[in-house]
Amino acid sequence: MTIVATSRLWPFVIVESRLIVTPDFLARRGGSDPRIRRLLVNAARVDQARGTALHRRVLTVPGEGAYALAYRYVPVPGGARDEATRVMHMAEGVVCDDLDAELTDETLNRTRGYLLGPVRRYVDQGWSGPPLSSRAVLAGESVEPTPWSLGRLAAVVVLAAAGLTVLLLALKRVLGP
Amino acid sequence: MSATTLRVMVFGERGAGKTLYLAGLFRGMSVSGPGSVFTLQTGEVDRLKLNRIYADAVNPLLKNFPPSTHWQTEPWRFDCQITNRHGTFRPLSVEYLDYSGEMLDPLDARLGMTDEEIEVDPELRALRGYRDHADAYLLMIDGLKLLRMLRGAPELAGWLEHYLSDQLQVMEQRLTGTGGRPPLHVVVSKWDLLDGRMVDGVPVTLGAVAGLVARQPTFAAHLDGRAQDRDAPVRVIPVSVTGPFAALDEETGEIVKVPGRPVQPYNLDVPFTALLPDTIRWRREQLLADTGPSGEGVERKLNRRAALLAHARAFVGSARGPLAERLDRWATRRQNGGSPAMSIATAGLAGELLHQLGAVLDEQESRSRARLREIQEEHQRRRQAVATESEAITLALQGFAVRLAEFEEKNPGSLLGEVLS
Ligand SMILES: Nc1nc2c(ncn2[C@@H]2O[C@H](COP(=O)(O)OP(=O)(O)O)[C@@H](O)[C@H]2O)c(=O)[nH]1
Ligand SMILES: [Mg+2]
């Protein structure tokens, strides 16, 4: 089963047991219900023996239904450490309204851009106040501006030109003056 | 599953070393070594998980130690197992709860939890439930924090007293109606970082650390309370999962792996080993206190209770099941004016075993001091001969007593407060 382009994905992230980014519909519902505010932190159990592999579960939101949940426990970017000098980790993932969606590391890589800023802020200055709300992303929608950034494009052009020159020089030598 | 299960509540802040300790404990005791009379067993999935955590921690090819535990509770259950040609015997099971250390203090601003959220959080509830029904306490002191405190880190001034009194408060709250204070093992983690290290020109020793702990005002009061009520003793036990394989990088302040140095676990088994002996002695002491100083009365009372329980057990046909549990509960409540919570610990012990085992323990300890090696060999021979559950528990207990005697001889300062005998 692959992911349907119209499935909706909400990124979330938990660092050191603190929910930093949460799906907007959970934030709304959680406003009046502490159980819902705790839902994601409690659902995203981490099996330490599985390293950074993807965890998949079903998230049941009372009064709302079931969602697919995929997340992984990975180092926070920037190499921060906790008070025991361990590499600080975060549970980053997505909640998806399509239970059959095939959620992979690729899916999480796509939504990661949303989470890095808030994570950085938590690591640098701590966090006060409620978590940020993430809006739904359509699975078919491109999250990063373009797959080929200008820098990478330029690098490819330069490399191709250099390769061609080398080839021409070699040919010239073989064929003689 | 064995008839007797001891549930241990591990207290330890985030990063104190709980997860690696439990993984290391299982690793060390799940393979038989010289002198061991039993091995620890657990379910297949849990076995694989614990092995993985341990392997990652001591793998020199992986630069980092395993990450912190997520917000969750995770019970690990270990069965003591003796296997020989007569069969397989599981005289004792011990359960530990692992969790993320920040759960001990959910009001910490870093978590940003509201009162309502603390109230409804299911993992916090699980932790409280476990804590309030524990048969013994393992209070872990983070060796790295202790070292930094000893060196005068300003942010850690007052930390030890504060941390200890928070946890002792929880234990004292439980006192009402439980019939006393269960065994308490103060485990100092990361001992490899502390042992013999010079601080202010003086080497760190177990005696010094135990003295420091005992002098903290709240702890001193707790020890007094235990002594007055003839409660279980307190032990201070230094442990290390890694030994010299881990080291403190003084420049970065980080704990690093040092490939090439050996992994040498230290004393990981001692808190486990002390569980049953400390529980039995404590129970016996309470019975003695119940009946007053007249020795004769004690004997009679014990015999009566033992006969009664034996009779009831024979009737029920098993030490398990709800009826047997009710009986034990009844017996325990009678004994202590206590709550049903204590019944699990004393299920197999309250009556017929208690007296007998207490005597075994005392005798074994004095003998072991004399000739350790011979006794270990004798235990190996007897392991082959074990043919019943009760022989199995007696042998396990003798094994514990030998190991404890050995530890106590090397660490004379490890018992705090009044020593029960
Ligand atoms: N030197 C040393 N460090 C240890 C030992 N045990 C744990 N640590 C360090 O303490 C950190 C936290 O341990 P962990 O078991 O994850 O702590 P927990 O949060 O209480 O479960 C590890 O990453 C290691 O850096 C030990 O025996 N020796
Ligand atoms: Mg842990």
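All values reported here derive from a predicted model rather than from experimental measurement.

J.: Run through the sheet that holds strand S12 (residues 415-416) of chain B, naming residues and quoting values.
T.: Residues and elements named next belong to chain B. If you walk across this open sheet you meet the eight strands as S2-S3-S4-S1-S5-S6-S9-S12, and the pairing is mixed. At either margin of the open sheet sits one strand with a lone partner, and together these are strand S2 (39-41) and S12. Here strand S9 (residues 234-238) pairs with S12 via two bridges, running antiparallel. If you follow Arg235 over to S12, its bridge partner there is Leu415. Each of strand S5 (136-141), strand S6 (184-188), S9 and S12 touches helix H9 (residues 217-228); the most contacted strand, S6, lies at about 150° to it.

J.: I'd like to hear about the pattern of salt bridges, residue by residue, with values.
T.: Counted by the stated rule, this structure contains 38 salt bridges over all chains. Where A:Arg81 meets B:Glu254, a salt bridge forms, and the shortest distance between an N and an O atom there is 3.3 Å. Separated into two different chains, A:Arg81 in the loop between strand S4 (65-75) and strand S5 (89-96) and B:Glu254 in strand S11 (residues 254-257) make up a pair that spans both. Look at A:Arg81 and you get partly exposed, because its relative accessible area is 26%. As a salt-bridge pair, B:Asp132 and B:Arg131 come within 3.1 Å of each other at their nearest N and O atoms.

J.: Any details on the coordination of the magnesium ion (ligand 2)? Residues and values, ideally.
T.: Residues and elements named next belong to chain B. Donor atoms from the polypeptide that bind the magnesium ion (ligand 2) are Thr19 (OG1) and Thr69 (OG1), placed at 2.1 Å. Of this pair, Thr19 sits in helix H1 (residues 18-29) while Thr69 sits in the loop between helix H2 (44-58) and strand S3 (73-84), and the two are 50 residues apart along the sequence. An identical accessibility class is assigned to Thr19 and Thr69; each is buried.

J.: If you had to explain the packing of aromatic side chains to someone new, which residues and values would you point to?
T.: As enumerated under the stated definition, the model contains 11 aromatic pairs over all chains in all. Relative to A:Tyr67, the ring of A:Phe25 lies with its centre 4.8 Å away and its plane at 25°, an arrangement referred to as stacked. In this pair, A:Phe25 is assigned in helix H1 (residues 24-30) and A:Tyr67 in strand S4, connecting sequence segments 42 residues apart. Here the two residues A:Phe25 and A:Tyr67 agree in accessibility, since each one is buried. With 5.2 Å between their ring centres and 25° between their planes, B:Phe26 and B:Phe78 make a pair best called stacked. Remark: B:Phe78 occurs in strand S3 and B:Phe26 occurs in helix H1; sequence separation between them is 52 residues. Overall, the relative accessible area of 2% leaves B:Phe26 in the buried class. For B:Phe78, a relative accessible area of 0% translates into the label buried. Grouped by ring-pair contacts, the aromatic residues A:Trp10, A:Phe25 and A:Tyr67 constitute a single cluster. The side chain of B:Lys257 reaches across the aromatic face of B:Phe65, ending 5.4 Å from its centre.

J.: Which residues make up the interface of chain A and chain B, and what are the values?
T.: Each partner contributes to the interface: chain A provides 25 residues, whereas chain B provides 35 residues. Carbon and sulfur atoms supply 46% of the area buried between chain A and chain B, which totals about 3000 Å² over both sides. Together, A:Arg38, A:Gln48 and A:Arg86 form the three largest contributors to the area buried by chain A at its contact with chain B, with a combined 22%. Here chain A and chain B share nine salt bridges between them. The shortest N-O distance in the salt bridge between A:Arg37 and B:Glu117 comes to 2.5 Å. Where chain A meets chain B, there are 20 residue pairs in polar contact (both at pLDDT 80 or more).

J.: A description of the packing of H1(B) against H2(B) should follow, citing residues and the corresponding values.
T.: All names here are of chain B. Running from amino to carboxyl end, H1 crosses H2 at an angle of 110°, the nearest separation of the two axes being 9 Å. Between H1 and H2, the interaxial angle falls into the category roughly perpendicular. For the pair H1 and H2, the crossing hand works out as left-handed. Where H1 abuts H2, its residues Thr19, Leu20, Leu22, Ala23, Gly24, Phe26 and Arg27 lie against Arg47, Leu50, Asn51, Ile53, Tyr54 and Ala57. Classifying every residue of the contact of H1 with H2 by side-chain character gives eight nonpolar, three polar and two charged.

J.: Help me get a handle on the site of ligand 1, residues and values and all.
T.: Around ligand 1 lies a shell of 18 residues, among which A:Arg86, B:Gly15, B:Lys18, B:Asp192 and B:Val241 are the nearest. Within the side chain of B:Ser240, one N or O atom sits 3.5 Å away from an oxygen atom of ligand 1. In isolation ligand 1 offers 580 Å² of accessible surface; the protein chains occlude 98% of this area. Its atoms largely coinciding with the cavity grid, ligand 1 occupies the largest cavity. At the level of secondary structure, the elements contributing two or more residues to the shell around ligand 1 comprise H1 and helix H7 (191-194) of chain B. Considering every element that reaches the shell around ligand 1, the biggest residue donor is H1(B), with three residues. Classifying every residue of the shell around ligand 1 by side-chain character gives seven nonpolar, five polar and six charged.

J.: Any details on empty space enclosed by the protein? Residues and values, ideally.
T.: Rolling a probe over the atoms, with the probe sized like a water molecule, indicates the empty space that remains. Residues and elements named next belong to chain B. Across all of its chains, the model carries six cavities of 30 Å³ or more by this definition. There is about 440 Å³ of room inside the largest cavity. Around the largest cavity sit 32 residues that line it, and Gly15, Ala16, Gly17, Leu20 and Lys190 are the ones nearest its centre. For the lining of the largest cavity, the secondary-structure elements that each account for two or more residues are H1 and H7. With four residues, the top contributor of residues to the lining of the largest cavity is H1. Considered class by class, the residues forming the lining of the largest cavity number 14 nonpolar, 12 polar and six charged.

The rules behind these values
Residues numbered from 1 in each chain as written. Chains lettered and ligands numbered in written order. Predicted model: local features only at pLDDT ≥ 70, side-chain atom pairs only at ≥ 80, totals over all residues. Heavy atoms only, no water. Pairing = 2+ DSSP bridges. Helix = DSSP H or I, 4+ residues; strand = E, 2+ residues; numbered from the N terminus. Contact = heavy atoms within 4.5 Å. Axes fitted to C-alpha atoms, helices over the stretch in contact; angles between N-to-C directions. Salt bridge = Lys/Arg side-chain N within 4 Å of Asp/Glu carboxyl O. Buried < 20%, exposed > 50% of the residue type's maximum accessible area, 1.4 Å probe, protein only. Donors = N, O, S within 2.8 Å, 3.2 Å for Na, K, Ca; no water. Phe/Tyr/Trp six-rings, centres within 6.5 Å; stacked < 30°, edge-to-face > 60°. Lys NZ or Arg CZ within 6 Å of the ring centre and 35° of its normal. Buried area = accessible area lost by both parts, 1.4 Å probe. Polar contact = N/O pair within 3.5 Å; in protein donor to acceptor, adjacent residues only side chain to side chain. Parallel < 35°, antiparallel > 145°, perpendicular 65-115°, else oblique. Left-handed = near helix turned anticlockwise from the far one by under 90°. Nonpolar A, V, L, I, M, F, W, Y, C, P; charged D, E, K, R; others polar. Near = heavy atom within 4 Å. Areas by Shrake-Rupley, 256 points an atom, 1.4 Å probe, with all protein chains shown as cover. 1 Å grid on protein atoms, 1.4 Å probe; cavity = no way out; pocket = protein on both sides within 12 Å on 5 of 7 lines; lining within 4 Å. Sits in = over half its atoms within 2 Å of the grid points. Points joined across faces, edges and corners; volume = space filled by probe spheres on them.

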